[in-house]
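One-letter residues, chain by chain:
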Amino acid sequence: MKNISIYTGMMTLLIALSGNSASADDGCNLSLGAADNMQFSTKAMSAPASCENITVTLNHTGQFPKNAMGHNWVLTTEADFKGVAMDGGSAGLKNNYVKEGDSRVIAATAIIGGGESTSVTFSTGGMTAGTAYTFFCSFPGHWGIMKGTFTLS
Ligand code: CO
């Protein structure tokens with residue numbers, strides 16, 4: 001009986017570690033879409049402050065390739081947003097429109113095109129609950145519209 005109990009415990013652990021959608025939803029896995037209309041599917045995102053790590057998945061539901069209508073998901077403080085976006089434009093597509101080694105960037109995905117998905121997992125260490133951070137697409141010309149707030153609550 002003891003062995004069976006250990007086996008059951010191991011299987012529960014493995015299922016928990018697999019991280020698929022069938023496991024318990026702790027609110028630390030978020031997703032959003034973006035299409036050829038240069039819009040994110042949401043303007044406000046939030047996650048529980050209890051999340052040590054957060055994974056954000058971006059789904060590009062449009063048709064255009066990344067060099068024409070590329071999207072990414074970048075997270076910074078509200079104060080850093082414009083500077084990171086401007087420097088990202090100079091960094092070019094090869095750097096996913098994010099300046100290399102930019103310490104102001106809390107999280108950033110790759111730039112993707114229509115039909116593609118990408119995700120980023122980042123630590124919430126150093127972030128403050130209740131503060132409205134800014135998420136945006138750093139593709140040149142997009143960040144004026146493609147932006148929203150991200151809050152740990
Ligand atoms: Co974009």
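Per chain, residue numbering runs from 1 following the sequence as it is written. Thresholds applied to this predicted model are a pLDDT of at least 70 for local features of residues and 80 or more for the giving and counting of side-chain atom pairs; totals over whole chains, interfaces and linings are not thresholded and use all residues. With hydrogens and water stripped out, all remaining heavy atoms of the structure feed into the side-chain values.

Caption draft 1: Broad picture of the confidence of the model for the chain. The predictor's confidence in any single residue is recorded as pLDDT, a number from 0 to 100. Confidence in the prediction for the chain averages 89 pLDDT; 84% of positions are at 70 or higher. Every residue in residues 6–23 is under pLDDT 50, and counting partners more than four places away or in other chains gives one contact. Whether two residues are in contact is decided by their heavy atoms, any of which lying within 4.5 Å being enough.

Caption draft 2: Structural view of the sheet that holds strand β2 (residues 44–47). Strand order in the open sheet formed by five strands is β2-β8-β7-β4-β5, and the pairing between neighbours is mixed. The strands lining the two open edges of the sheet, one partner per strand, are β2 and β5 (107–108). Following DSSP output, two strands are said to pair if at least two bridges run between them. Runs of H or I in DSSP of at least four residues are treated as helices and runs of E of at least two as strands, each being numbered from the N terminus. As paired elements, strand β7 (residues 133–136) and strand β8 (residues 147–152) share four bridges and run antiparallel to each other. When the sheet's bridge partners are listed, F135 is paired in β8 with G148. The sheet contacts of helix α3 (residues 81–91) involve β4 (74–76), β7 and β8, and relative to β7 the element is tilted by about 25°. Axes, fitted as lines to C-alpha atoms, cover a helix only where it is in contact. Angles between the N-to-C directions of the axes lie from 0 to 180 degrees.

Caption draft 3: Structural view of the pairing of β7. Buried residues are those whose accessible area, probed at 1.4 Å on protein chains only, stays under 20% of the maximum for their type, while exposed residues exceed 50% and partly exposed ones sit between those limits. Side chains Y133 and F135 of β7 all project onto a buried face; the interleaved residues T134 and F136 project onto the opposite face, where all are buried too. Of the strand pairs in this sheet, β4 and β7 are connected by three bridges, and their pairing is antiparallel. Paired with T76 across the bridge in β7 is T134.

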